[in-house]
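Each chain, letter by letter, is given below.
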Amino acid sequence: MTLITNNQTPPDPALPPRLAALGYAARSATSPLAPFHFERRLPGPHDVQIEIQYCGICHSDLHAVRGEWQGSVYPMVPGHEIIGRVTRVGPEVTGFMAGDLVGVGCLVDSCRTCAACREHLEQYCDSGFTLTYNSPDPHTGGVTYGGYSNRIVVDQRFVLRIPEQLDPAACAPLLCAGITTYSPLRHWEVGPGQRVGIVGLGGLGHMGVKFARAFGAEVVLFTTSPGKAADAKRLGAHEVVISSDPAAMAAHASRFDFILNTVAAAHNLDPFITLLKRDGILCLLGVPELPHPSPAVGGLIFRRRQLVGSLIGGLQETQQMLDFCGKHDIVSDIELIPIQQLNAAYERLLRGDVKYRFVIDMGSLASPSR
Ligand code: NAP
Ligand code: ZN
Ligand code: ZN
């Protein structure tokens, strides 16, 4: 396995001291992820330093690593489903202290002043947010590095409290898969008396099933994998439909109030639009490399159906989601892996073979040499 590093040159004594960190990085769109030594900023007055215990593997990590989206910068340390313990806080930090169990999701900063930020919708920041990885880092002048690593330093506003009674490893996926499904279900007020479809039983999909069920809706899971049907029911679906079966799909025409589509690849949306009632909503969450074929206009106009999208969630709502999970004992169903199995996990994710989120046990990562 190749060791790659961005600090080959001796440190410049004129620069402020940094924190040594170790993670796994992709060096290019085609190379496997490999150990990577790098540096993080030392905690400033408002910062929280976190020793990372677990990090989930989101399909977005795979899209970004493989260069399926614009703007991948290498070396890239992915990971935005981070759970860890606070080891140090800056003097102005009020909400956290050493020893706290905390989480970090997809965002580590935003402008804080625009209309969206003032409404706690940092994910829609008008000036642009700072993503946890692969974003320009205003602190270092480089790029942000994510959670496939041993430690991270984050402004306290972007740190979440994790309910101590839950399994911390199984909480990691709540930081992206959890909030990304919770937020649209809440925004469009999904609840009792409504029939809700979840498309795709992966990381996002299985959390969508759990939340839609917890909110009191009747939940139908649409999958391309017949082998996932029993699990879908165990996770909370009332019914499972194989989406490649036209007769099964036709039986559900015009029955749904709301459908959450989590599929990670381009596909025909028309069969799902046909499932909606008048004024029903198909909400897209997946961000495939290639565009979906445009839906037929007829499917939308004749029942005034709506095609919408949603992006993760703001910090306040993410905390509400975590507190809801603590109260209702909701976590992700995970496969815990050592970091050395990362590349094999990516291959399985690509095949839809995950039950239902890989989480890296960061204890498997050796301590960095300083
Ligand atoms: P995942 O765990 O890989 O699940 C995706 C599921 O989609 C698969 O398990 C599979 O379920 C279904 N699927 C059907 N056909 C597929 C195909 N050809 N290729 C891949 N999947 C297929 O992925 P995830 O982590 O849940 O993420 C899903 C998508 O949401 C990704 O595109 C990701 O980038 C995006 N995402 C968006 C946001 C947002 O804010 N909007 C946030 C996070 C992630 P079945 O076997 O049941 O068919
Ligand atoms: Zn994600
Ligand atoms: Zn903003």
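Just so it is clear, the model here is predicted, and its values are computed rather than measured.

1. Remarks on the domain arrangement of the chain
Now for step 1: On domain assignment, one finds that the chain holds domain 1 (4-176 + 314-364) and domain 2 (178-309).
Now for step 2: Using only C-alpha atoms to locate each centre, domain 1 and domain 2 end up separated by 28 Å.
Now for step 3: Opposite the 22 residues of domain 1 that make contact, domain 2 presents 24 residues.
Now for step 4: Buried area between domain 1 and domain 2, both sides added, is near 2,000 Å², and the carbon and sulfur share of it is 57%.
Now for step 5: The three residues of domain 1 that bury the most area against domain 2 are Glu317, Phe324 and Tyr356, which together make up 31% of that side's buried surface.

2. Remarks on the coordination of the zinc ion (ligand 2)
Now for step 1: For the zinc ion (ligand 2), the full set of protein donor atoms is Cys58 (SG), His80 (NE2) and Cys176 (SG), at a range of 2.0 to 2.2 Å.
Now for step 2: All donors of the zinc ion (ligand 2) come from a single chain, and their spacing in sequence reads C-x21-H-x95-C. Placement of the pair is His80 in the loop between helix 1 (59-65) and strand 5 (82-89) and Cys176 in the loop between helix 3 (168-171) and helix 4 (177-187), with a sequence separation of 96 residues. An identical accessibility class is assigned to His80 and Cys176; each is buried.

3. Here's the deal with the coordination of the zinc ion (ligand 3)
Now for step 1: For the zinc ion (ligand 3), the protein coordination sphere consists of Cys111 (SG), Cys114 (SG), Cys117 (SG) and Cys125 (SG), at 2.3 to 2.4 Å.
Now for step 2: One can describe the donor arrangement at the zinc ion (ligand 3) as tetrahedral, given that its 4 donor atoms subtend angles of 105 to 119° at the metal.
Now for step 3: Coordination of the zinc ion (ligand 3) draws on donor residues from a single chain, spaced C-x2-C-x2-C-x7-C in sequence.
Now for step 4: Overall, Cys111 belongs to the partly exposed group, its relative accessible area being 22%.

4. Section: the site of ligand 1
Now for step 1: In the vicinity of ligand 1 there are 28 residues, among which His59, Thr223, Thr224, Ser225 and Arg357 approach most closely.
Now for step 2: His63 places a side-chain nitrogen or oxygen 2.8 Å from an oxygen atom of ligand 1.
Now for step 3: Within the backbone of Leu204, one N or O atom sits 2.8 Å away from an oxygen atom of ligand 1.
Now for step 4: Across the complex, the protein chains shield 89% of the 910 Å² of accessible surface that ligand 1 would expose by itself.
Now for step 5: When residues of the shell around ligand 1 are traced back to their parent elements, those giving at least two are helix 1 and helix 5 (203-214).
Now for step 6: A total of 3 residues in the shell around ligand 1 trace back to one element, the largest contributor, which is helix 1.
Now for step 7: Of the residues belonging to the shell around ligand 1, the class tally is 13 nonpolar, 13 polar and 2 charged.
Now for step 8: No fewer than three residues from each of domain 1 (4-176 + 314-364) and domain 2 (178-309) sit in the shell around ligand 1.

5. Comments concerning the pattern of salt bridges
If charged atoms from side chains of opposite charge come close, those side chains can pair.
Now for step 1: Per the stated rule, a full pass over the model turns up 17 salt bridges.
Now for step 2: Taking the shortest distance from any N to any O, the salt bridge between Asp333 and Lys210 comes out at 2.6 Å. Separated by 123 residues along the polypeptide, Asp333 in the loop between helix 10 (315-328) and strand 17 (334-338) and Lys210 in helix 5 bring together distant segments of the chain.
Now for step 3: Classification of Asp333 by relative accessible area gives buried; the value is 17%.
Now for step 4: Two residues, Asp231 and Arg234, come together in a salt bridge whose shortest N-O distance is 3.3 Å.

Here is what the cut-offs are and how they apply
- Residues numbered from 1 in each chain as written.
- Chains lettered and ligands numbered in written order.
- Predicted model: local features only at pLDDT ≥ 70, side-chain atom pairs only at ≥ 80, totals over all residues.
- Heavy atoms only, no water.
- Domains from an automatic or database assignment.
- Contact = heavy atoms within 4.5 Å.
- Buried area = accessible area lost by both parts, 1.4 Å probe.
- Donors = N, O, S within 2.8 Å, 3.2 Å for Na, K, Ca; no water.
- Helix = DSSP H or I, 4+ residues; strand = E, 2+ residues; numbered from the N terminus.
- Buried < 20%, exposed > 50% of the residue type's maximum accessible area, 1.4 Å probe, protein only.
- Tetrahedral: all angles 85-135°; square planar, octahedral: opposite > 155°, others 65-115°.
- Near = heavy atom within 4 Å.
- Polar contact = N/O pair within 3.5 Å; in protein donor to acceptor, adjacent residues only side chain to side chain.
- Areas by Shrake-Rupley, 256 points an atom, 1.4 Å probe, with all protein chains shown as cover.
- Nonpolar A, V, L, I, M, F, W, Y, C, P; charged D, E, K, R; others polar.
- Salt bridge = Lys/Arg side-chain N within 4 Å of Asp/Glu carboxyl O.

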